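# Results of the structural survey
Here are the chains, one letter per residue:
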Amino acid sequence: MAHGTTSVNANSPDYIAAAKQVERPPLVGNGRGFHWITEKICSIIEGDTPRWWWIAFFITGAISLLVPISLIYLVSTGIGTWGLNHPVGWAWDITNFVFWIGIGHAGTLISAILFLTRQKWRTSINRAAEAMTLFAVVCAGIFPAFHVGRVWFAWFLAPVPQANAIWPNFRSPLLWDVFAVSTYFTVSVLFWYTGLIPDFATLRDREVKVWKKKLYHILSFGWRSSNRQWKHYEMAYLCLAGLSTPLVLSVHSIVSFDFATSVIPGWHTTIFPPYFVAGAIFGGFAMVLTVMLPFRAIFGLEDLITEKHIDNMCKIILLTGSIVGYAYLMELFIAWYSGNPYEKYAFWNRALGPYWWSYWGMMICNVLIPQLFWVNKFRKNVVAVWIIVWGPNIGMWYERFVIIVTSIHRDFLPSSWGMFKPELNDITLFVGTCGLFTWLFLVFIRFLPVIAIAEVKGVIPEADPHFHGKEDPKGGHHV
Amino acid sequence: MANLFPKESNIVPIKIILCKVITVIVIILGITYYFTPKYTRVGYKPTQPVAFDHSLHAGQLGLDCRYCHSFGTVSSHSNVPTTQTCMNCHRQVKSNSPKLAPLRESWETGKPMKWIKIHQAPDYVYFNHSAHLNRGISCASCHGKVNEMEVVWHDKPHSMGWCLECHRNPEFHIRPQEEVFNLDWKAGDGSTKAQVAQGRELVKKWDVNPPQNCQACHR
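Residues numbered from 1 in each chain as written. Chains lettered and ligands numbered in written order. Predicted model: local features only at pLDDT ≥ 70, side-chain atom pairs only at ≥ 80, totals over all residues.

## Quick notes on the overall build of chain A
When helices and strands are tallied, chain A shows 19 helices and zero strands. Expected size for 479 residues packed as a compact globule is a radius of gyration near 23 Å; at 25 Å, chain A falls within 12% of this value. A principal-axis box enclosing the C-alpha atoms of chain A has dimensions of 80 × 55 × 45 Å. Taking all 479 residues of chain A together, the buried fraction comes to 39%. The contacts of chain A with a sequence gap of at least 6 include a subset with a gap of at least 24, amounting to 81%. (Helix = DSSP H or I, 4+ residues; strand = E, 2+ residues; numbered from the N terminus. Rg over C-alpha atoms; globule rule 2.2 N^0.38 Å. Buried ≥ 20, exposed ≤ 12 C-beta atoms within 10 Å, placed from the backbone. Contact = placed C-beta atoms within 7 Å.)

## A few points about the overall build of chain B
For chain B, the count of helices and strands is 11 helices and zero strands. Put simply, chain B runs from its N terminus to its C terminus through helices and strands in the order α-α-α-α-α-α-α-α-α-α-α. For 219 residues, the compact-globule estimate of 2.2 N^0.38 gives 17 Å, and the C-alpha radius of gyration of chain B, at 25 Å, exceeds that figure by more than 25%. Principal-axis analysis of the C-alpha atoms places the extent of chain B at approximately 95 × 50 × 40 Å. Out of the 219 residues in chain B, the part that is buried amounts to 12%. Considering only residue pairs separated by 6 or more positions, chain B has 73% of its internal contacts joining residues 24 or more positions apart.

## Quick notes on the confidence of the model for chain B
Here chain B shows a mean pLDDT of 93. Residues at 70 or above account for 99%. Here the predicted complex carries an ipTM of 0.74, next to a pTM of 0.87. (pLDDT = per-residue confidence, 0-100.)

## Details of the environment of I271 of chain A
Residues and elements named next belong to chain A. Checked against the element boundaries, I271 lands in the loop between α10 (227–260) and α11 (272–299). For the pair I271 and G418, spaced 147 residues apart in sequence, the C-alpha separation works out to 27 Å. Setting aside its immediate chain neighbours within four residues, I271 contacts A327, M330 and E331.

## As for unusual backbone geometry
With an omega of 0°, the peptide bond between H86 of chain A and P87 of chain A qualifies as cis. Although it is not a glycine, K94 of chain B adopts a positive phi angle of roughly 50°. Tracing the backbone shows K94 of chain B in the loop between α5 (83–90) and α6 (101–109). When the 11 C-beta atoms within 10 Å are taken as the criterion, K94 of chain B is described as exposed. Here H158 of chain B, not a glycine, exhibits a phi torsion of approximately 55°, which is positive. Tracing the backbone shows H158 of chain B in the loop between α8 (139–143) and α9 (160–168).

## Observations concerning the interface of chain B and chain A
In this assembly, eight residues from chain B lie in contact with six residues from chain A. The element best represented in the side of chain B that touches chain A is α9 of chain B, accounting for four residues. Along the lines of polarity and charge, the residues of the side of chain B that touches chain A split into four nonpolar, three polar and one charged. (Nonpolar A, V, L, I, M, F, W, Y, C, P; charged D, E, K, R; others polar.)

## Re the domain arrangement of chain B
Each assigned domain of chain B is listed with its residue range as follows: domain 1 (13–39) and domain 2 (43–80 + 115–217). For domain 1 of chain B versus domain 2 of chain B, the separation of C-alpha centres amounts to 35 Å. (Domains from an automatic or database assignment.)

## Considering the nonpolar core
I101, M132, A136, F285, V288 and I317 of chain A are the most contacted members of the largest nonpolar core, which totals 118 residues. Not counting residues up to four positions away in its chain, the partners in contact with I101 of chain A are V137, A140, V181, V251 and V255 of chain A. (Core = buried A, V, L, I, M, F, W, Y, C linked by C-beta atoms within 7 Å.)

## So, the environment of G321 of chain A
All names here are of chain A. Here G321 is to be found in helix α12 (residues 307–337). Through-space distance from the C-alpha of G321 to that of I271 is 15 Å; in sequence the pair is 50 residues apart. Each residue touching G321, except ones within four places of it in the same chain, is listed here: F282, N366, V367, P370 and P392.

## Concerning the packing of helix α7 (residues 126–147) of chain A against helix α18 (residues 424–447) of chain A
Residues and elements named next belong to chain A. In the contact formed by α7 and α18, the axes pass within 10 Å of each other and the chain directions differ by 150°. The angle between α7 and α18 places the two elements in the roughly antiparallel class. As for the relative orientation of α7 and α18, their crossing is right-handed in sense. Here A131, M132, F135, A136, C139 and I142 of α7 lie close against α18, whose contacting residues are T433, L436, F437, L440, F441 and F444. Residue composition of the contact of α7 with α18, grouped by class: 11 nonpolar, one polar and no charged. (Axes fitted to C-alpha atoms, helices over the stretch in contact; angles between N-to-C directions. Parallel < 35°, antiparallel > 145°, perpendicular 65-115°, else oblique. Left-handed = near helix turned anticlockwise from the far one by under 90°.)

## Quick notes on helix α14 (residues 356–368) of chain A
Residue and element names in this part refer to chain A. Compared with an ideal rise of 1.5 Å per residue, which puts 13 residues at 18 Å, α14 spans 17 Å between its outermost C-alpha atoms and is within 8% of the ideal. Within α14 the residues assigned to the buried category are S358, Y359, M362, C365 and N366. The arc enclosing the buried residues of α14, seen along the axis, measures out at 145°, which places them on a common side. Contact partners of the buried residues in α14: α12, α13 (341–352) and α17 (390–408). (Expected span 1.5 Å × (residues − 1). Arc of directions from axis to C-beta.)

## Some remarks on the packing of helix α8 (residues 173–206) of chain A against helix α9 (residues 210–219) of chain A
Residues and elements named next belong to chain A. Direction vectors running N to C along α8 and α9 enclose 160°, while the axes themselves pass 8 Å from each other. Judged by the angle between their axes, α8 and α9 are roughly antiparallel. Both α8 and α9 take part in a crossing whose hand is left-handed. Seen from α8, the contacting residues are F200, L203 and R204; seen from α9, they are K213, Y216, H217 and L219.

Okay, here's the thing in structure tokens:
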């Protein structure tokens, strides 16, 4: 901080007061040190299982059982147990797929893009966000896999030599999607696991039971925390960040191509890739806050996930939400400005047709509600934040429903117009994936360090080699 | 830090990787061999109710395929002969043979013979015999040299890949129209080179353009 300030007397009280004013709030509150961080995070795993955890575990576990039940019913009876029929051949299943895949975007954004842009506040939220990403992608993957109808032939999507001598159609964005999502999942797993290695070693060193010690030792790949290992670790982490960064942008761009490369009015739009990516980050951050705020409160992690972190995430939601709102308005503008009657009708039908409620639900939840984050007071109030983020959570589901169903239920030929109504199996499967997502997250917070211990230690003042004790206001070199 | 594992465990990861690689290779080879029609279909050789000997009838006696399978050239389906067709000859020839007892029973009662079907195209495949037989594709290309088989077996895999192989390169199989039912025919000196040379000419002459789109066989 005091580097290179030759003309100003850095020891004057005025300077110190001014410096304090513009100083960034610390990333770890209450001046917590190395030991406290380790104790705090490890105690969640090492302590007794809280009763609320068991209750939540069984409730969400029971809900997630709806997934196998719905799928067994679907496969044994047929794809018609979803409300899909002509002309709406894509409905809740693809809506849910895009919804979950979008939620999965915040994790990689936090872990990769914020890492490359050296946003140190990412450290205390990246672990949980990445875990959330993986669980969301797991939920997402269920839908297209079963949407193919004969799920036992889903492997036809893989380019392997087979007795049919046919090859996947590489000109189809649906195939690009398969590669985009599976690459995304693989890289996210690697990224997440690489970050866990030093923390597994920390858990190992604290563990008393021999079998657990051995297990953690294996999971940490025999990590010894030597300089050489840290050097390799950081290089690996940087490389993975570099690999994941384009993925954040590409995955949802490709998901948007599923629609944009078709000729359906309402889908055939060049704005789709950036609009989808912004929407994904928007929905993803909302979900990060939705799951993070409760466990922050329950485990008392306010010093690690500080107001500053929540504030930053709210601002990202505000930014991306505004981009999404701009995209909605631009779509409407182009529907009018293009002079294309089909395009114009598609949007008129969205806003005033039989699915008007989903369109206005989307507009209110995605465009209006997040605007509350302009107000500092709302960003500083965790309860308000938690309530507001349900806007994007619900709105982003509506958005996908609006895009998919309202576009195809009335296309060029009025004789083939129709309506979509979800069947019970649509609903149970979606509710089931919500349960599965929460259940997986509960398992995660009980068995793995929810916050990256090693990384958070790296952002406290003590980690600075020039640190001279808390009383030294400059925290810098001897002047 | 005390050693949690003995020194020998250093080699365990390598062993695990090696095991995984071997397992994956074994699975791939196993599936490629045992789970394709090359294995599951080729060689199917059921015992028929009457031991009809193709090598005797179509080989030694020189009966034309079309004498019994009479609709192959005019319809999509190539029929199995009725009892009447057999009895055209067997009322006179070997009319008392105990081997033909089931045939005579069928003749007397009017109940058809229960021949066991060997070549079964799936329901979703629309295969047309006449389209192939009338454009220089021999019986032997799909059924093998039946004129040499004492008991008929499934000779070719009939997988989709196998169909497409010929649809993509018909010159390897196409032959002059008059040789379609001559199962022993070979182009020129019998070499692949001669077959391909003649095949290319025929493909060009007849403007053969086998469809490769899904709709061709799956409607």
